[in-house]
Amino acid sequence: MQIIDGKEVAANLRKEIAAEVEQWVASGHRRPHLVAILVGNDGASQTYVGHKEKCCGEVGFRSTVLRLPEETTEESLLQEIARLNVDPEVDGFIVQLPLPKHISEQKVIEAIDPKKDVDGFHPVNTGRMISGLPAYLPATPDGILELLKYYKIETSGRHCVVIGRSNIVGRPIANLLSQKGWDCTVTLCHSRTKDLKDVVRSGDIVIAALGKAEFVTADMVKEGAVIVDVGITRVPSNKTKSGWKLLGDVKFDEVAPKCSYITPVPGGVGPMTIISLMKNTLKAARKEIYK
Ligand code: GUN
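1. Notes on the sheet that holds strand β6 (residues 185–189)
Part 1 of the argument: The six strands lie next to each other as β1-β11-β8-β7-β5-β6, forming an open sheet whose pairing is parallel. Two strands close off the open sheet at either side, each with one partner strand: β1 (2–3) and β6.
Part 2 of the argument: Across two bridges, strand β8 (residues 226–229) lies against strand β11 (residues 261–262) in parallel orientation. Among the inter-strand pairings, Ile227 is bridged to a residue of β11, identified as Ile262.
Part 3 of the argument: Packing against the sheet, helix α7 (residues 170–178) makes contact with β5 (159–163), β6 and β7 (205–208), and its axis sits at approximately 170° to β6.

2. Describing the packing of helix α2 (residues 43–59) against helix α10 (residues 270–285)
Part 1 of the argument: For the pair α2 and α10, interaxial distance at closest approach is 10 Å and the crossing angle is 55°. Judged by the angle between their axes, α2 and α10 are oblique. The way α2 lies across α10 gives a crossing that is right-handed. On α10, the residues touching His51, Lys52, Cys55, Cys56 and Val59 of α2 are Ile274, Leu277 and Met278.
Part 2 of the argument: Looking at side-chain class alone, the contact of α2 with α10 contains six nonpolar, one polar and one charged residues.

3. Here we look at the environment of Lys107
Part 1 of the argument: Structurally, Lys107 is set in helix α4 (residues 105–111).
Part 2 of the argument: For Lys107, a relative accessible area of 48% puts it in the partly exposed group.
Part 3 of the argument: Note: C-alpha distance between Lys107 and Glu74 (33 residues apart in sequence) is 8.8 Å.
Part 4 of the argument: In contact with Lys107, other than residues within four places in its own chain, are Glu74 and Leu78.
Part 5 of the argument: Looking at Lys107, its side chain comes within polar contact range of the side chain of Glu74, at 3.0 Å.

4. Re the pattern of salt bridges
Part 1 of the argument: Counted according to the given criterion, the structure contains 17 salt bridges.
Part 2 of the argument: Where Arg286 meets Glu20, a salt bridge forms, and the shortest distance between an N and an O atom there is 2.8 Å. Of this pair, Arg286 sits in the segment after α10 while Glu20 sits in helix α1 (residues 6–26), and the two are 266 residues apart along the sequence.
Part 3 of the argument: A relative accessible area of 26% means that Arg286 is categorised as partly exposed.
Part 4 of the argument: Judged by relative accessible area, Glu20 falls into the partly exposed class, the value being 30%.
Part 5 of the argument: Between Lys279 and Asp142 there is a salt bridge, and its shortest N-O distance comes to 2.8 Å. Here Lys279 is found in helix α10, whereas its partner Asp142 is found in helix α6 (residues 139–150), with 137 residues between them in sequence.

5. Structural notes on the sheet that holds strand β2 (residues 33–39)
Part 1 of the argument: One open sheet accounts for three strands, arranged β3-β2-β4; its pairing is parallel. Edge positions in the sheet fall to β3 (62–68) and β4 (92–95), since each has one partner strand and no second. Neighbour to neighbour, the strand axes of the sheet diverge by 15° on average, direction disregarded.
Part 2 of the argument: Strand direction decides the pairing type here: β2 and β3, joined by seven bridges, are parallel. Counterpart to His33 in the pairing with β3 is Arg62.

6. Things to note about the site of the ligand
Part 1 of the argument: Around the ligand, the neighbouring residues are Lys52, Val95, Gln96, Leu97, Asp119 and Phe121.
Part 2 of the argument: With respect to the ligand, the backbone of Val95 contributes an N or O atom lying 2.8 Å from a nitrogen atom.
Part 3 of the argument: Gln96 is positioned such that a nitrogen or oxygen atom in its side chain is 3.2 Å from a nitrogen atom of the ligand.
Part 4 of the argument: Taken by itself the ligand offers 280 Å² of open surface, and the protein chains cover 78% of this.
Part 5 of the argument: Of the residues belonging to the shell around the ligand, the class tally is three nonpolar, one polar and two charged.

7. Topic: α2
Part 1 of the argument: Relative to the 24 Å expected for 17 residues at 1.5 Å per residue, α2 spans 25 Å between its end C-alpha atoms, a close match to the ideal helical length.
Part 2 of the argument: Of the residues making up α2, those classed as buried are Ser45, Val49, Lys52, Cys55, Cys56 and Val59. One face of α2 carries all of its buried residues, which in axial projection span an arc of 120°. With respect to the buried face of α2, the exposed residues turned more than 90 degrees away are Lys54 and Gly57.
Part 3 of the argument: For α2, the secondary structure elements touched by its buried residues are α1, β2, β3, β4 and α10.

Reading the values: the criteria
- Residues numbered from 1 in each chain as written.
- Predicted model: local features only at pLDDT ≥ 70, side-chain atom pairs only at ≥ 80, totals over all residues.
- Heavy atoms only, no water.
- Pairing = 2+ DSSP bridges.
- Helix = DSSP H or I, 4+ residues; strand = E, 2+ residues; numbered from the N terminus.
- Contact = heavy atoms within 4.5 Å.
- Axes fitted to C-alpha atoms, helices over the stretch in contact; angles between N-to-C directions.
- Parallel < 35°, antiparallel > 145°, perpendicular 65-115°, else oblique.
- Left-handed = near helix turned anticlockwise from the far one by under 90°.
- Nonpolar A, V, L, I, M, F, W, Y, C, P; charged D, E, K, R; others polar.
- Buried < 20%, exposed > 50% of the residue type's maximum accessible area, 1.4 Å probe, protein only.
- Polar contact = N/O pair within 3.5 Å; in protein donor to acceptor, adjacent residues only side chain to side chain.
- Salt bridge = Lys/Arg side-chain N within 4 Å of Asp/Glu carboxyl O.
- Near = heavy atom within 4 Å.
- Areas by Shrake-Rupley, 256 points an atom, 1.4 Å probe, with all protein chains shown as cover.
- Expected span 1.5 Å × (residues − 1).
- Arc of directions from axis to C-beta.

If you want it as structure tokens, here you go:
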């Protein structure tokens, strides 16, 4: 059994991106510039945006964080987005989710110019991705693909079982792995799936992205399977300084011995997601997806 080291892969890719950025700047271009909009005071969101800002610095991007108060109206957020859409100094931007309840996330996502949608959440990018056209890929699915590539894990003809049908993880990764080049046979499971345990047990590759801590147990996993754990549930802990710890969707200790590969939580998929955002921002600066 091999533990997939997302931190190591992310560190290697970060160096590659940094080298490409220096080349880009040395050839006379402006530094790629990523903007993040953070509305309100959600603790986890502040931490994530902090990590994104730090990573921008490490790869040589310019980064700006627009911190807006919790009471920001939907209208003024949409105005801010309209401004960023046409700002020639901004290559890409993201609106950190979740948003306060009085703001429609869907309206916000659809207001972003697909050319600057480095989260890959706009329906134009989703549609292009599903059609196999160049698109900004959403961070978590792209991070998973990078891990599979890095560890040279065979996907062709293998049965991949995805648990969870969210727009940002389950559905896109199920689609991507079924495409040419990855060539998996994919089953997408959800809360209404019958005989879920049997379906998961038939998976050569299992992607757990349902958001239920330690849901996947050893009896659900085939011997030699590849397990990708996307879960990040915060639970109270008296063993950490912060007072909480992260649990994945997989019961790691009992599942790991049965696997060929497994991603830990934390340190598996998580560190890869920011790398995908950096890749997309560099693509935006180079106008690789939309000319
Ligand atoms: N909240 C949790 N993950 C993400 C992400 O990838 N992008 C944005 N914008 N918000 C998030």
